[in-house]
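Chains, contacts and geometry: an overview
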Amino acid sequence: MNEKSQEKLEFSLSLYPDPVLRKVAQPVGLFDDRLQSTVAAMFERMRASHGVGLAAPQVGLTQRILVLNPTGEPKDDLALINVSIVERSGPLTSFEEGCLSFPDIYAEVKRPERCKVFFWTPEGERIEREFEGFTSRIVQHEYDHLEGVLLVDRMSPADKARHKPALAALIERYKSRALSGSRK
Ligand code: ZN
């Protein structure tokens, strides 16, 4: 497939329980213009949705691509391609997480404080880096998406019970959209 380098992509969010969110994402093979456009469009979607992180399955792509920005400053944009977490360390900390695929649902999730990752930049440079605090939290949340693991799997039984009506509403919304087909 021959893509034009100036092609502008636009993504919409895949919401729970869209089955694409349960797929294990596949490694990116080509570091080409298409990847650059995908990353740019993912950043755009993330910002427009007021998110701090976004994984490719959340825009319907089963590819191992994450974008994140813990501060909102353009200089802190981070795109991780074919990322793998090689080590998680530090104490387990609890933090209230949200997810763009679960609008208006927040739940406490426990995760290790630090993570060490290998990834490639969109330009194909291989990098090893350790993250801690909020950035580590985002990386671990978004990495879950690449494995098909979702916020609903990480929340406590109490939170799951508390959010049952909201989760049911998302399922209903998904079903009615699926029934109406691709009509916008
Ligand atoms: Zn998420």
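Preceding block: the structure.
On a predicted model such as this, the values are computed, not experimentally measured, just so you know.

Approximately 420 Å³ is the volume found for the second largest pocket. Around the second largest pocket sit 24 residues that line it, and G51, V52, G98, C99 and L100 are the ones nearest its centre. If you list the elements that add at least two residues to the lining of the second largest pocket, you get β3 (78-97) and α2 (133-146). Of all the elements, α2 adds the most residues to the lining of the second largest pocket, at 5 residues. Tallied by class, the residues present in the lining of the second largest pocket amount to 12 nonpolar, 7 polar and 5 charged.

The tally for this structure, following the rule as stated, stands at 12 salt bridges. Of the charged contacts in the structure, one is a salt bridge between D153 and R22, with a shortest N-O distance of 2.7 Å. Taken together, the residues span a long stretch of sequence, with D153 in helix α3 (residues 151-154) and R22 in the segment before α1 (33-48) at a distance of 131 residues. D153 gets classed as partly exposed once you look at its relative accessible area, which sits at 39%. Where D159 meets R162, a salt bridge forms, and the shortest distance between an N and an O atom there is 2.7 Å. Here D159 and its partner R162 are both found in helix α4 (residues 157-162), 3 residues apart, which amounts to about one turn of the helix. On the basis of relative accessible area, R162 is assigned to the exposed category, the value being 53%. Taken together, the shared-partner salt bridges connect E97, R111, R137, D144 and R154 into one network.

The rules behind the values
Residues numbered from 1 in each chain as written. Predicted model: local features only at pLDDT ≥ 70, side-chain atom pairs only at ≥ 80, totals over all residues. Heavy atoms only, no water. 1 Å grid on protein atoms, 1.4 Å probe; cavity = no way out; pocket = protein on both sides within 12 Å on 5 of 7 lines; lining within 4 Å. Points joined across faces, edges and corners; volume = space filled by probe spheres on them. Helix = DSSP H or I, 4+ residues; strand = E, 2+ residues; numbered from the N terminus. Nonpolar A, V, L, I, M, F, W, Y, C, P; charged D, E, K, R; others polar. Salt bridge = Lys/Arg side-chain N within 4 Å of Asp/Glu carboxyl O. Buried < 20%, exposed > 50% of the residue type's maximum accessible area, 1.4 Å probe, protein only.

Just geometry here; none of it tells us what the structure is for.
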